Number of protein chains: 2
Amino acid sequence: MNNYTQMLRNHNLKATPQRLAIVDMLYMHGHMSIDALYEVMIKRFSSISLATIYKNINLMLENTFIQEVKLPNFKSVYELTKESHSHTMCEKCGKINDINLDLDAIVNTASTLKNFEITKADLVLSGVCKNCV
Amino acid sequence: MNNYTQMLRNHNLKATPQRLAIVDMLYMHGHMSIDALYEVMIKRFSSISLATIYKNINLMLENTFIQEVKLPNFKSVYELTKESHSHTMCEKCGKINDINLDLDAIVNTASTLKNFEITKADLVLSGVCKNCV
DNA sequence: GTTTAAAGGAGAAAAATTATCTATAATCTT
DNA sequence: AAGATTATAGATAATTTTTCTCCTTTAAAC
Ligand SMILES: [Mn+2]
Ligand SMILES: [Mn+2]
Ligand SMILES: [Zn+2]
Ligand SMILES: [Zn+2]
């Protein structure tokens with residue numbers, strides 16, 4: 001029994017081949033849209049239903065096994081849940097990368113400024129990556 | 001000829017009553033989803049088509065007359081374009097507020113760290129507002 | 001191996017968004 | 001101000017995206 005199998009079961013999800021493949025794809029590609037995921041999944045499971053992708057993505061979201069990343073002007077992408085982090089997105093090539101930034105100061109400022117209890121900070125930095133300048 | 005009329009024309013948009021109302025609603029409410037906008041618009045224009053809302057929102061987005069704000073777990077909202085700013089969103093009552101935070105330090109750090117030319121920073125702080133604690 | 005509860009696939013259905021068409025209204029031209 | 005020009009609104013169809021239903025298959029438990 002491999003890694004992902006245990007991870008899925010820990011989240012009350014049966015470890016089906018389709019799910020293991022989804023996890024595998026997300027692990028390999030990092031951030032994937034529904035469409036991109038379906039495209040790679042159909043190669044492994046020629047008869048997989050798009051509904052299966054949606055159902056699993058939604059289930060995994062509910063179980064916080066994965067996270068949705070909303071991007072300006074683009075479709076959402078999904079990734080395996082890991083420590084909170086921010087993202088960069090290249091507007092030319094569309095490449096999305098993780099970036100660890102210390103947002104504590106900002107969050108604290110905001111919290112006191114607005115008397116607001118902050119539980120999550122979603123930051124997307126858009127621009128042009130080094131390969132696209 | 002009022003304010004909005006001129007603003008719309010400056011963006012190559014004819015100042016129709018429907019558009020003026022959309023601008024007015026966004027000005028009054030701040031951040032609105034497509035549905036919320038349609039709901040208030042139908043009160044003023046009983047026969048307005050949802051397609052008109054979509055067409056105008058998309059046109060105004062193209063002309064950067066308005067901006068889309070993508071929110072975790074919720075539908076996008078739209079607002080009149082103003083100076084770049086961040087948002088807080090209460091997960092209890094759904095209230096969205098503007099907040100001006102100095103992200104320069106963060107942006108610069110990210111830029112040098114990843115050799116990435118940043119043109120835009122979208123930050124949404126989720127949590128619980130003072131009215132909902 | 002048998003049981004059972006969950007998941008997959010096919011396709012229908014629903015929801016969201018966009019496109020097409022025509023009458024009308026906003027702006028431009030005189 | 002009147003007429004010409006062009007973009008827009010609204011009705012509706014079409015398309016796209018997402019969810020649901022139903023039945024079969026399969027993973028997990030015993
Ligand atoms: Mn990430
Ligand atoms: Mn705002
Ligand atoms: Zn790039
Ligand atoms: Zn609240």
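The rules behind each value
Residues numbered from 1 in each chain as written. Chains lettered and ligands numbered in written order. Predicted model: local features only at pLDDT ≥ 70, side-chain atom pairs only at ≥ 80, totals over all residues. Heavy atoms only, no water. Helix = DSSP H or I, 4+ residues; strand = E, 2+ residues; numbered from the N terminus. Buried < 20%, exposed > 50% of the residue type's maximum accessible area, 1.4 Å probe, protein only. Contact = heavy atoms within 4.5 Å. Areas by Shrake-Rupley, 256 points an atom, 1.4 Å probe, with all protein chains shown as cover. Near = heavy atom within 4 Å. Nonpolar A, V, L, I, M, F, W, Y, C, P; charged D, E, K, R; others polar. Polar contact = N/O pair within 3.5 Å; in protein donor to acceptor, adjacent residues only side chain to side chain. Least-squares fit on C-alpha atoms with pLDDT ≥ 70 in both. Donors = N, O, S within 2.8 Å, 3.2 Å for Na, K, Ca; no water. Domains from an automatic or database assignment. Buried area = accessible area lost by both parts, 1.4 Å probe. Salt bridge = Lys/Arg side-chain N within 4 Å of Asp/Glu carboxyl O. Axes fitted to C-alpha atoms, helices over the stretch in contact; angles between N-to-C directions. Parallel < 35°, antiparallel > 145°, perpendicular 65-115°, else oblique. Left-handed = near helix turned anticlockwise from the far one by under 90°. Tetrahedral: all angles 85-135°; square planar, octahedral: opposite > 155°, others 65-115°.

**Comments concerning the overall build of chain A**
Logical step 1: The helix and strand tally for chain A stands at five helices and five strands.
Logical step 2: Element order for chain A, N to C, with α for helix and β for strand: α-α-α-α-β-β-β-β-α-β.
Logical step 3: Here chain A holds 133 residues, and the buried ones make up 42% of them.
Logical step 4: A separation threshold of at least 6 residues defines the contact pool for chain A, and within that pool the share at least 24 residues apart is 41%.
Logical step 5: For chain A, the accessible surface area stands at approximately 7,500 Å², while carbon and sulfur atoms represent 49% of it.

**Some thoughts on the protein's contact with DNA strand C**
Logical step 1: Near DNA strand C lie 19 residues; those nearest to it are R19 of chain A together with R9, Y54, N58 and K75 of chain B.
Logical step 2: Looking at DNA strand C alone, sugar and phosphate atoms form 78% of those within 4 Å of the protein.
Logical step 3: Elements that contribute at least two residues to the surface near DNA strand C include exactly α2 (17–29) and α4 (50–62) of chain A together with α4 (50–62) of chain B.
Logical step 4: In terms of residue count, the dominant contributor to the surface near DNA strand C is α4 of chain A (four residues).
Logical step 5: When grouped by side-chain class, the residues that make up the surface near DNA strand C number six nonpolar, seven polar and six charged.

**Some thoughts on the protein's contact with DNA strand D**
Logical step 1: DNA strand D sits among 20 residues. The nearest are R9, Y54 and K75 of chain A together with Q18 and R19 of chain B.
Logical step 2: The sugar-phosphate portion of DNA strand D accounts for 76% of its atoms within 4 Å of the protein, the bases making up the rest.
Logical step 3: One of the side-chain N or O atoms of K75 of chain A is found 2.7 Å from a phosphate oxygen in DNA strand D.
Logical step 4: Secondary structure elements with two or more residues in the surface near DNA strand D: α4 of chain A together with α2 (17–29) and α4 of chain B.
Logical step 5: Taken together, the residues of the surface near DNA strand D sort by class into seven nonpolar, seven polar and six charged.

**So, the relation of the copies chain A and chain B**
Copies of the same chain, two in number, are related to each other by a rotation about an axis and a translation along it.
Logical step 1: Under the fitted operation, chain A is carried onto chain B by 0.0 Å of movement along the axis and a turn of 180°, and the coordinates agree to an RMSD of 0.0 Å. The transformation just described matches what one would write down for a two-fold rotation axis. Among all C-alpha atoms of chain A, that of L123 of chain A lies closest to the rotation axis, at 2.2 Å.
Logical step 2: In this assembly the copies share their binding face: 100% of the residues contributing to the interface of chain A also contribute to that of chain B.

**Focus: the coordination of the manganese ion (ligand 2)**
Logical step 1: Those protein atoms acting as donors to the manganese ion (ligand 2) are H31 of chain B (NE2), E79 of chain B (OE), H85 of chain B (NE2), H87 of chain B (NE2) and D98 of chain B (OD), and they sit at 2.0 to 2.3 Å.
Logical step 2: Residue classification places E79 of chain B among the buried residues on the basis of a relative accessible area of 4%.

**A word on the domain arrangement of chain A**
Residue and element names in this part refer to chain A.
Logical step 1: For chain A, the assigned domains are domain 1 (1–82) and domain 2 (84–133).
Logical step 2: Contact residues are listed per partner, giving nine residues for domain 1 and eight residues for domain 2.
Logical step 3: Of the roughly 780 Å² buried where domain 1 meets domain 2, counting both sides, 66% is carbon and sulfur surface.
Logical step 4: Joining domain 1 to domain 2, the criterion identifies one salt bridge.
Logical step 5: Note that K82 is salt-bridged to D98, the shortest N-O span being 2.5 Å.
Logical step 6: Where domain 1 meets domain 2, there are six residue pairs in polar contact (both at pLDDT 80 or more).
Logical step 7: Across the side of domain 1 that touches domain 2, the residue classes break down as five nonpolar, one polar and three charged.

**Let's talk about the packing of α2 of chain B against α4 of chain B**
Residue and element names in this part refer to chain B.
Logical step 1: Relative orientation of the contacting elements α2 and α4 amounts to 70°, with a least axis distance of 11 Å. Accordingly, the angle class assigned to the pair α2 and α4 is roughly perpendicular. Crossing geometry of α2 relative to α4 is assigned as right-handed. Taken together, the residues of α4 that come into contact with α2 (itself represented by R19, I22 and V23) are N56, L59 and M60.
Logical step 2: The residue inventory of the contact of α2 with α4, partitioned by class, reads four nonpolar, one polar and one charged.

**Side note on the coordination of the zinc ion (ligand 4)**
All names here are of chain B.
Logical step 1: Bound to the zinc ion (ligand 4) on the protein side are C90 (SG), C93 (SG), C129 (SG) and C132 (SG), at distances that span 2.2 to 2.4 Å.
Logical step 2: For the zinc ion (ligand 4), the four donor atoms in the first shell make angles of 105 to 113° at the metal, a pattern classed as tetrahedral.
Logical step 3: In the primary structure, the donors to the zinc ion (ligand 4) are separated according to the pattern C-x2-C-x35-C-x2-C. Of the two residues, C90 is situated in strand β3 (residues 86–90) and C129 in the segment after β5 (117–128); the sequence distance between them amounts to 39 residues.

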